[in-house]
Amino acid sequence: MTALLEVTGLVKRFAHPRSLIDRLRGRPAGAVQAVSGVSLTIAANETLGLVGESGCGKSTVGRCILRLEQPDGGTIRLDGEDISQLPEARLRPLRRRLQVVFQDPFASLNPRRSVGEAVAEPLRNFTDLRGAALREEVARLFERVGLRRDQIDRFPHEFSGGQRQRIGIARAIGPRPDLIILDEPVSALDVSIQAQVVNLLMDLQDEFRLSYLFIAHDLAVVRHISKRVAVMYLGQIVETGPRDAVFARPRHPYTAALLSAAPILDPAKRSAAERIILTGDLPSPSNPPSGCRFHTRCPFAQGVCSTTVPPPVDAGDGHIAACHFPL
Ligand SMILES: Nc1ncnc2c1ncn2[C@@H]1O[C@H](COP(=O)(O)OP(=O)(O)OP(=O)(O)O)[C@@H](O)[C@H]1O
Ligand code: SF4
Ligand SMILES: [Mg+2]
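Every chain begins its residue count from 1, and numbering advances along the sequence as written. Following the order in which they are written, the chains are lettered starting with A and the ligands numbered starting with 1. With pLDDT at 70 or above as the cut-off, local features in this predicted model cover only qualifying residues; side-chain atom pairs require 80 or more to be listed or tallied, and sums for whole chains, interfaces and linings still use all residues. By convention in this description, side-chain values take in all heavy atoms of the structure and omit both hydrogens and water.

**A look at the pattern of salt bridges**
In step 1: For this analysis, a salt bridge means a side-chain nitrogen from Lys or Arg found within 4 Å of a carboxyl oxygen belonging to Asp or Glu. Inspection of the entire model under this criterion finds 18 salt bridges.
In step 2: We note a salt bridge from Arg97 to Asp178, for which the minimum N-O separation is 2.4 Å. Of this pair, Arg97 sits in the loop between α3 (88–95) and β6 (98–101) while Asp178 is found in the loop between α6 (161–173) and β7 (179–183), placing the two residues 81 residues apart along the sequence.
In step 3: Taking relative accessible area as the criterion, Arg97 reaches 16% and is therefore assigned buried.
In step 4: Measuring nitrogen to oxygen at the nearest pair gives 3.5 Å for the salt bridge that ties Glu137 to Arg176. Only DSSP runs of H or I covering at least 4 residues are called helices, and only runs of E covering at least 2 are called strands; the numbering of each starts at the N terminus. The rule is simple: take the accessible area with a 1.4 Å probe, protein chains only, and divide by the maximum for that residue type; under 20% is buried, over 50% is exposed, in between is partly exposed.

Encoded structure:
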C-alpha cells in the first residue's frame, strides 16, 4: 500500500548571516542545519505525532512538506508523486490537499478581516463556491467546529484563544484536504481547552478521513491523539514507532529523558527510564556534535558515540531507534 505521505532523507539548511565576531575573525557565513535527513510516512486517516525540544526542526519539517520552504535534499511523496521540486504552477492543485493549523491562532488571522472571510478565503481559492453558497458553507463549517453561524461577521479579537483555534481548524478543513500539518495547535491554550480542541480534531479526522502530522513538545497531547510517534533531536528523528511501544519502552535515551521530564500520574507506570534527566543545553544546529548528535548530553555515551553515527535499528513492528546502545 502506498502511504499518503512519504518523506525520505529530507534536508533543510538556512544560511545565517555572519555575526560581527565572525566578520572580525574572517569566518564565513554559516548554515543552520535545521533538518538533517528526516524520513517519515503517514497513511490515510492516520496521525503521526512529531515531538522534540524547541529548535529541533519540527516546524521546518512541516513547512517543507507544505512547500512553504524549499527543501535542500530528500523527497516528499504525496500518493507516490515526488512534490519536493515541483514548480509553483504544478503545486497549485496540490495545495488544496495540504492544509495547516498554526500554534498562535491570533497571529494566523488577519485582525482587520472578519473571521468568516478568513474561512472563506481557501474555499474561494480551491472551490467554485461563490456568493450565498460560499457563505452557507462557511456557516456550516463554523457549526461543525463548535461555533455559531451568527459569529461569521465578527473579528478575531472578539474570540477566545480556543475559539480562534476552532476558526483556524474550520479554515483548514474547508477545502477538504487529505493531510493537515498541525503545528503545536494547542500549545498556547489552557489545559482544559486543549482537550476540547484535541477531541474536535479527532472527531473531524474520522468524519473527513484526514491524516495529521501533529507537531508538539508536549508528550501528553501527542500520546492522546497519535497512533505513531516520531521523536526529533537536532534535525534528526532518533526514535519512531507505535505510540504504545515508544511510551512504554522507549529505546533511545533521549526519548526516555523526554518521558522522564513529563509528569507520570500513575506510579505503577513509572519505569527505570524515568531516572534519565536531561542536562546541558541543546547544542547549536549550526555546528551539531559528531557521531550521535545526542552524545554531549547522553548519560550512556561511550567512545563510539562521538565518532560514529548510530544506524536506525528496528526492534520489530516498526519501533526504530538510532542508538549504539539502545535501552
Ligand atoms: N527562516 C529561517 N531562517 C534561519 N533559521 C531558521 C529559519 N527557520 C528556522 N530556523 C532555524 O532552524 C532550526 C529549527 O527551527 P524550527 O522552527 O523548525 O524548530 P521547532 O522544532 O519547530 O522549534 P519550536 O518548538 O520552538 O517551534 C532553529 O535553529 C531555527 O532557529
Ligand atoms: S548512540 Fe550513544 S550517545 Fe547516542 S543515544 Fe545512544 S548511547 Fe547515547
Ligand atoms: Mg516550531
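Okay, back to it.
**Describing the site of ligand 1**
In step 1: Here a residue counts as near a molecule or strand whenever at least one of its heavy atoms sits within 4 Å of it. Around ligand 1, a shell composed of 13 residues is seen, among which Ser54, Gly55, Lys58, Ser59 and Thr60 lie nearest.
In step 2: Polar contacts here mean pairs of N or O atoms no more than 3.5 Å apart (in protein, one a potential hydrogen donor and the other a potential acceptor; neighbouring residues in sequence count only if both atoms are side-chain atoms). Gly55 places a main-chain nitrogen or oxygen 2.7 Å from an oxygen atom of ligand 1.
In step 3: Contact between ligand 1 and Cys56: an oxygen atom at 3.2 Å from a main-chain N or O atom of the residue.
In step 4: In this description, accessible areas are obtained by the Shrake-Rupley approach with a 1.4 Å probe, and a residue is regarded as covered only by the protein chains that are shown. Coverage of ligand 1 by the protein chains reaches 63% of its 640 Å² of free accessible surface.
In step 5: For the shell around ligand 1, the secondary structure elements donating two or more residues are β2 (30–42) and α2 (58–65).
In step 6: Of the residues forming the shell around ligand 1, the biggest block, three residues, is contributed by α2.

**Examining the sheet that holds strand β11 (residues 312–314)**
In step 1: Here, strands pair whenever DSSP counts at least two bridges between them. Spatially, eight strands are ordered β6-β7-β8-β3-β9-β10-β12-β11 in an open sheet, and the strand pairing comes out mixed. Strands at the two margins of the open sheet, each flanked by one partner only, are β6 and β11. Averaged over all pairs of adjacent strands, the angle between their axes in this sheet comes to 20°, without regard to strand direction.
In step 2: Sheet topology note: the β6/β7 ladder contains four bridges and is parallel. Its bridge partner being in β7, Gln99 is matched across the sheet by Ile180.
In step 3: Helix-sheet contacts for α6 involve β6 and β7, and the interaxial angle to β6 is about 175°. The convention used is that axes are lines fitted to C-alpha atoms, helices contributing only their stretch in contact, and that angles between N-to-C directions extend from 0 to 180 degrees. Between two residues, a contact is recorded if the distance between any of their heavy atoms is within 4.5 Å.

Worth remembering: the numbers are spatial, not functional.
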